[in-house]
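# Chains, contacts and geometry: an overview
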Amino acid sequence: MDSVAADRLGEDLDAFVADVFASLTRSGWQERAGDYLRGLMLDGRRKSIQPMAARLAGPHEQALNHFVTNSPWAAAAVRERLAVRMDEAVGPAAWALDDTGWLKCGTASVGVARQYTGTAGKVTNCQIGVSLNLVTDSASCPVDWRLFVPESWDPATPGTGERRRRAAMPAEAKHQEKWRLGLEMIDEAIGWGIRPPLIVADAGYGDAAQFRQSLEDRDLAYVVGVNNAHTAFTAEARRTAPPYKGAGRRPPLIYREAAPSLKTHVLEIGRQAATPVAWRSGSRRRGGRTRTMRGHFVFLRLRPASLTHRRAADFGDLPLRWLIAEWPPGEPEPTRYWLSNLPENTPKRRLVHLAKLRWRIEHDYREIKTGLGLDHYEGRTWQGWHHHTTLVSAAHAFLTLQRLDPKTPAPE
């Protein structure tokens, strides 16, 4: 966005800041928030504080840095208002969990470690942030964030005390799996008074049976990616017991056969069971026409058989769940798998549409990194990281609202 477009949207931005940052009551804080959002949205290759301050030609670099790094405003209060407002505006079809990496050169930035990130597609030196996103096919927005704390930054790991002190990490910031951070954000957002219509996530979250069971315990619907090695029984599988010998306790009813893998189930039914499904219109045009997204999928009703699920069922009958497997023509076996607890009468097109809805998150990450400088922040502290991600989310939300408003010309 150039300075002319920024000026044209000035009144709208001021009103947005006054609403979303209403919890920032100290003198000058809302003004700094507005300055920072303008800096993020203005054209420019780098969105770190020094070049943004130079482009703004208003607030001093030191003032912006102090606002983001040192000012004790609560990021959670801003995120709460942002989530409530965007829930009303977007009307999400699902909440999506995902994570992305901030590539780093040094070792001092909070949470930085050698770890895998899909951003680079390999193990590299980076920070990893987990986000909760409100999602539809046409609009989405990250509304909550958690910084993943590697084991090398956990307070229980010897030698971490000094680096945690320099990064101003709170005592409660400990190593947790990303799916636990996701559940934490889901619970937080529900506490803000909004309710997820559905949870979607990739296999980084869906592979954890505890994550899926935790969603069920919260009475939340989900469609999540999984690895094909997970096991499940068929819908017809029944628990049995050996004949009673007339003495002692009767033997319990249990599943006495080993549960096959998801891959085995799909391969046994074969490619001929794959159904062609068109789930949405594409975002790109070819020859003046919008391409329809299509694929071939196998749908099965199975009983996921992890120990977590067996314990949750008190070792009774395991519940039936949807298995969705994408099997492209020409491939020797399916390429992707999802599990869902949606009802048995859910249309197949809806199952695929929701399984594929996570594409919006990749779009968001690309947009907020390339256009809004999500990974450009050069501060090293816990608070600074959370302030910056919150401000980037707010800038993204403002632009999304402008795009959804038919009366507003699209920002240039």
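Fair warning: this is a prediction, and the values are worked out from it, not measured in the lab.

## Considerations on the pattern of salt bridges
Across all of its chains, the model carries 21 salt bridges by this definition. The shortest N-O distance in the salt bridge between R166 and E162 comes to 3.6 Å. One end of the pair is R166 and the other is E162, both in helix α7 (residues 161-166) and 4 residues apart, which spans about a single turn. Note on R166: relative accessible area 52%, which makes it exposed. For E162, a relative accessible area of 41% corresponds to the partly exposed category. For E177, the salt bridge goes to R180, with nearest N and O atoms at 2.8 Å. Since its relative accessible area comes to 32%, R180 is described here as partly exposed. Among the charged side chains, a network of salt bridges with common partners joins R79, D144, R146, E184 and E188.

## Describing the nonpolar core
In terms of nonpolar packing, the biggest core is built from 105 residues, with F16, F21, L37, F211 and L391 touching the most fellow members. Examining the composition of this core, we find that 9 residues originate from one element, helix α15 (residues 382-404), more than from any other. Other than its neighbours up to four places away in sequence, L391 contacts F21, A33, Y36, L37, L40, F67, V68 and W73.

## Topic: the layout of surface pockets
Taken as a whole, the second largest pocket encloses approximately 370 Å³ of empty space. Residue lining of the second largest pocket: 20 residues in total, with R146, P170, E184, W382 and H386 positioned closest to the centre. Taken together, the elements giving at least two residues each to the lining of the second largest pocket come down to α6 (75-90), β4 (140-147), α8 (178-191) and α15. Looking at the lining of the second largest pocket, the element that brings in the most residues is α15, giving 4 residues.

## Some remarks on the environment of N227
Secondary-structure assignment places N227 in the loop between β6 (222-226) and β7 (232-234). Sequence separation between N227 and T292 is 65 residues; the distance between their C-alpha atoms is 27 Å. The contact partners of N227, leaving out residues within four places of it in the chain, are A203, D207 and L262. One polar contact links the side chain of N227 to the main-chain amide nitrogen of A229, over a distance of 2.8 Å.

## Section: the pairing of strand β10 (residues 321-326)
The element β10 is extensively covered by neighbouring structure, given that 6 of its 6 residues are classed as buried. Of the two faces of β10, the one lined by R321, L323 and A325 and the one lined by W322, I324 and E326 are each fully buried. Relative to strand β11 (residues 336-340), β10 runs antiparallel, the two sharing 5 bridges. Residue I324 lies in a different strand from β11, and its bridge partner there is W338.

## Regarding α15
End to end, α15 covers 33 Å across 23 residues, agreeing with the expected 33 Å (1.5 Å per residue, within 8%). Taking burial as the measure, the 23 residues of α15 include 19 buried ones, the bulk of the element.

## Let's talk about the packing of α6 against α15
The N-to-C vectors of α6 and α15 enclose an angle of 20 degrees; their axes lie 10 Å apart at closest approach. In terms of axis orientation, α6 runs roughly parallel to α15. In this structure, α6 meets α15 at a crossing whose hand is left-handed. Residues A75, V78, R79, L82, R85, M86, A89 and V90 of α6 form the contact with α15, whose own contacting residues are H386, H387, T389, T390, S393, A394, A397, T400, L401 and L404. Grouping the amino acids of the contact of α6 with α15 by side-chain chemistry returns 10 nonpolar, 6 polar and 2 charged.

## Focus on the side chain of S261
Mapped onto the secondary structure, S261 falls in the loop between β7 and α11 (262-269). The residues touching S261, leaving out its near neighbours within four places in the chain, are N228, A229, H230 and T231.

## Let's talk about the environment of P252
Along the chain, P252 falls in the loop between β7 and α11. Expressed as a C-alpha distance, the spacing of P252 and T240, which sit 12 residues apart in the sequence, is 7.8 Å. In contact with P252, other than residues within four places in its own chain, are T240 and A241.

## What to know about unusual backbone geometry
The phi torsion at D314 lies on the positive side, around 55 degrees, for a residue other than glycine. Here D314 lies in the loop between α12 (307-312) and β10. Judged by relative accessible area, D314 falls into the exposed class, the value being 65%. With a phi angle near 60 degrees, F315 is a residue other than glycine that sits in the positive phi range. Looking at where F315 falls in the secondary structure, it is placed in the loop between α12 and β10.

About the cut-offs
Every residue gets a number counted from 1 within its own chain, in the order that chain's sequence is written. Thresholds applied to this predicted model are a pLDDT of at least 70 for local features of residues and 80 or more for the giving and counting of side-chain atom pairs; totals over whole chains, interfaces and linings are not thresholded and use all residues. Water and hydrogen atoms play no part in the side-chain values, which are based on all heavy atoms of the structure. Salt bridges are counted wherever a side-chain nitrogen of Lys or Arg sits within 4 Å of a carboxyl oxygen of Asp or Glu. Strands here mean DSSP runs of E at least two residues long; helices mean DSSP runs of H or I at least four residues long; both are numbered from the N terminus. Note on exposure labels: buried denotes an accessible area under 20% of the residue type's maximum, exposed denotes more than 50%, and partly exposed covers the range between, all computed with a 1.4 Å probe on protein chains only. Take the buried Ala, Val, Leu, Ile, Met, Phe, Trp, Tyr and Cys residues and link them wherever side-chain atoms come within 4.5 Å; each set so joined is a nonpolar core. Whether two residues touch is decided by their heavy atoms; if any such pair falls within 4.5 Å, the residues are in contact. Cavities and pockets are found on a 1 Å grid laid over the protein atoms alone: a cavity is a set of points where a 1.4 Å probe fits but cannot escape, a pocket is an open set with protein on both sides within 12 Å along at least five of seven lines, and a lining residue has an atom within 4 Å of such a point. Grid points are joined across faces, edges and corners, and a volume is the space filled by probe spheres set on the points. We define a polar contact as two N or O atoms separated by no more than 3.5 Å, with the added condition that, inside protein, one atom must be a possible hydrogen donor and the other a possible acceptor, whereas residues neighbouring each other in sequence contribute only through side-chain atom pairs. Here the rule is simple: two strands pair whenever DSSP picks up at least two bridges between them. A helix is expected to span 1.5 Å for every residue after the first. Angular values range over 0 to 180 degrees, each being the angle between N-to-C directions of two axes fitted as lines to C-alpha atoms, with helices fitted over their stretch in contact. Angular relationships are summarised with four words: roughly parallel below 35 degrees, roughly antiparallel beyond 145, roughly perpendicular across 65 to 115, and oblique for the angles in between. In a left-handed crossing the near helix is turned counterclockwise from the far helix by less than a right angle, and in a right-handed crossing that turn is clockwise. Gly is put with the polar residues, along with every residue not named as nonpolar or charged; the nonpolar set is Ala, Val, Leu, Ile, Met, Phe, Trp, Tyr, Cys and Pro, and the charged set is Asp, Glu, Lys and Arg.

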